[in-house]
Structure formats: structure tokens, C-alpha cells
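Spelled out from the first residue to the last, the chains are:
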Amino acid sequence: MRFPSLPSLPSLQALPSLRPRAAITQPRALAARAVVAAHARARALRRLIAQGALFMGTLAVGAALSANAQTFAPKPDPTQGDGRVSDFYRWTEAIPATPGRLLRTEPLPELVGLPEAARQLRILYTSTSGFDGKTPVVISGALFIPRGTPPAGGWPVLAWGHGTVGLADICAPSWAGRSYRDVRYLSRWLREGFAIVASDYEGLGVAGPHPLINVPMLAYGILDSARAVIRDVPGLDNRVLLVGQSQGGIGVFAAAAYQTRYAPELGVKGSVATGVIYRDPKATPIPLQRDPNKVDDSLAYGFFGFVVDQQHDPSLKPEEVFTEQGLPLVAQARQACLSQVASDVVGNGLTIANARLATPGPGYQKYLADAPRRSARYSEYPTLAIPHPVFIGTGADDVTPSAISQLALMRDACAAGTVVEGHLYAGLGHSATVNASLKDSVPFAKKAIAGQPIQPRCAPSLE
């Protein structure tokens, strides 16, 4: 920083000439000049001190403004589902500007942990907001250490991206625990010798909105979870595997796409994703054919999606989208987790026909008109050219997202130069693919971690 120059003392020659009056004798004149000169120097010195004080005051104001520019966690907002968690999730100090720093840990209760972990911790770490790509945020998560003796250099790290759980803080897996499916899945990776760091994602557990499907948010949260534990937890090696399902599958592919520019120091060796959403910006979307009169628990995602829409435009009104029968579920989506909202959809007999308006109101139609811009910013991967091998497991019966879109991702990523090992599992849907894919993803992971070559499978056959 370059500081402005301080003014120099004025020279005596620059002072106005002093003419002695004729009646003043020479010695008296000299004495008078000396007094006047001294007064002039004193005035100049006072000006200098005043200017210096003003300059230092300016510096003090600048420092105060700089201090005020520090970022703090947002205040809890019940409309975003904030609260109802312990004080561990509240960070009241200024958030460090550097992402991927561990802020604090505490033992994770057994009831919300993994039974096969030798040690498990709740963690709080720094990251970057997915809304603007620059604001520091605090994210919670969990760390699981395998049993046994670590290999030379430490345990390799699996950075886990969980599927959709809801929007409220109480839905964060480090607080609420995990589904039996995920407990089985992650336990297998522990047995295979991976330490697991599991992000809750921005806005879950900690105060602030959770934007659900937001590619940069998911990428930052997953990458910074690995950064934080590798840097600050002894016994972990900088050999990283990115693994995720559904929302976490998007997050894993996003993290793989962002890694070289956002976290180049991470030693990512491979990625494993199932149920990955892919929205090809060049393709015409194919509407999913669904019976409008069938009770469908997947309608829960639509209620969560509307709450996320309001994060972008708070003026949106739910009565422009939902019927009187569907409106109560919007409020429920702010406070309850996915399993409860899905249960309420079924319990109230909600269908597309009786829960949503046939034609949305003008305010929501205007919001939808801006969808391509939001999609380009939040829903598209920055690149499909991934510098490490990627495993993609797809259930042939998956409709959330469609198996067709997942096969398109395999094809397009291969065309971009990524080594993709794709698998298409007959008769399996979105959830069943997770554990069924382990027979293929574990061998893939071991090869990737060891730096062994992976045979591409860009258009897998049904298996």
C-alpha cells in the first residue's frame, strides 16, 4: 500500500520578509526576527502535526472500515429453517477469509454416527458461498476415521456428498443422522480403509439459506471439507476420492470440475457418483411424463424447490403456484426434512392435479422466464473435462433424474476427454443403485487411488 506524502516543514526562506522599523536598533531587530521566525516555525509545526493527525485519523477510519468489512455468519432466519440445533453450529466470530480451514470439532454422538468408525467428530469449517462465489461462509459436517492401523502417509480421504435431506438446519446429517442406506454404504468405504469427511453443505446445520441444487455451492462445500481435515487433522493423506449420490452426485461432478481452479492443492485421484443430475444446455428438455392424478411423494421436491426460488426472488407468492390444498406443504418444507414432507404429501393425497395450479400466476411466470440465466450460473458444470477418472453408476429405472440424462453425461464427458467408467444397472431405481454399485465402484476407487489405468466405458450396456 502506498501512503500519501506528509508535507515537509516550510523553509525559513519561504516565510514573508520581515522589515525592521527604523527606530529598532540592529540587536533588537535581530532578536525580533528570531522571535518571529520561532513563531513561524511553531505555526508550521502545528500545521504539520494537524495534517499528520488528520492522515492518521484517515488511516484509523480505514482500519475501522476494514474491520467492519469482516464477514460474520448470518442471523438465524426461521423462514429458511434456521435453528433448533446446538450451539456448536453457531459461529459468532468473524469468518476467516481463507476457505478450507477447520474452526472447531466435537465428538459426534453414536446415534448419528457410523457404528464402524474408530473415531467420529462433528466439524465446523470455512468455505465460500455458492450464491456469489466470494463471500466466506461456515459449513458443518462430520469426520469418520477407520479402525485399524493407517497406511504409510495416513488414511486416504473420501469426501462424501449426501443426497437431498431438506432445507432446515435440523436436516443436516451431522445433526439428524443418516439413512440406513447411507450408513451401509459409508460403512463399506470405512472397511475399505478410507477416512470419510461428510459436508452438510451451505445453510444446513448453520444459519443461512440452503440453495439445494447449486453447482458452485456443492463443489465448494465438498472440496473445502477435504481441505480442512487434511490440513488440520493428523493421520490423513492428501489422496482424495470424491463420492456422492443424487444431490451429492451433482456435487461430486461439480467438485471434480472446479477442483483444479478452486482447490488445486488437493490430491484428487478419482470421483464416484450415482444418480447424477445433468442438464445439457444444448439439448431440448424432455418433459417427464407423469400421471397428474397419481399420489406421488416426489412432489416434495417441488415444495422445496419453491422455497429455493424465493431465495432468489422473495416477492414470489406461493398462491401463484400451488392450490389451497398444496399451500400448507410450502410452510412445511421450510421446517421439516424430506422424509416428513414426502410422508405428508402421501398422507394428504397430493397429486400434480390437486396440489399445483394448472397455470402459474404472472409473477411466477416472469420468474420462470429468467430460468436460463439462473441455470447457466447455478445448474451447469463449468467443464466436462475432468483431469481424473470418473465412475458414474446409473439405475436403468431411475427417473430422479432420468437414466437417459445420466447416460448423456457419460457420453458428453467422454467426448470432452474425461476417462469415464459408466455402469447401467437393470431394474434399479434412484436409491437402490447406491449400494448395488459398490461391487464396481470399490475396485474402481482402489485403482484410481493407486494411479492405475481405468478402462473407459462411455456407453455401458445393461447389466
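Residues numbered from 1 in each chain as written. Predicted model: local features only at pLDDT ≥ 70, side-chain atom pairs only at ≥ 80, totals over all residues. Heavy atoms only, no water.

Novice: Looking at this structure, I do not really get the state of the cysteines. What am I missing?
Specialist: Covalent bonding between the sulfur atoms of two cysteines is what defines a disulfide. Enumeration according to the criterion identifies two disulfides in this entry. Note that cysteine 171 is cross-linked by a disulfide to cysteine 337, the S-S spacing being 2.1 Å. Note on the cysteine 171 and cysteine 337 pair: the S-S dihedral is about -100°, so by sign convention the disulfide is left-handed. Note that cysteine 171 is positioned in the loop between strand S4 (155-161) and helix H2 (173-176) and cysteine 337 in the loop between helix H7 (327-335) and helix H8 (338-347), a separation of 166 residues in sequence. Classification of cysteine 171 by relative accessible area gives buried; the value is 3%. Each sulfur in the disulfide pair cysteine 414 and cysteine 458 lies 2.1 Å from the other. (Disulfide = S-S within 2.5 Å. Helix = DSSP H or I, 4+ residues; strand = E, 2+ residues; numbered from the N terminus. Buried < 20%, exposed > 50% of the residue type's maximum accessible area, 1.4 Å probe, protein only.)

Novice: What exactly am I supposed to notice about the confidence of the model for the protein chain here?
Specialist: Detailed conclusions should not be drawn from predicted coordinates in areas where pLDDT is low. Scored by pLDDT, the protein chain has a mean of 87; 84% of the residues are at 70 or more. This stretch, residues 1-68, has a pLDDT under 50; its non-local contacts, to residues over four places away or in other chains, come to 20 contacts. (pLDDT = per-residue confidence, 0-100. Contact = heavy atoms within 4.5 Å.)

Novice: Explain the environment of serine 315 here, please?
Specialist: On the secondary structure map, serine 315 appears in the loop between helix H6 (300-312) and H7. Given a relative accessible area of 53%, serine 315 falls into the exposed group. With 48 residues separating them in the primary sequence, serine 315 and glycine 363 have C-alpha atoms 8.3 Å apart. In terms of polar contacts, serine 315 uses its side chain to reach the side chain of aspartate 313, at 2.6 Å. (Polar contact = N/O pair within 3.5 Å; in protein donor to acceptor, adjacent residues only side chain to side chain.)

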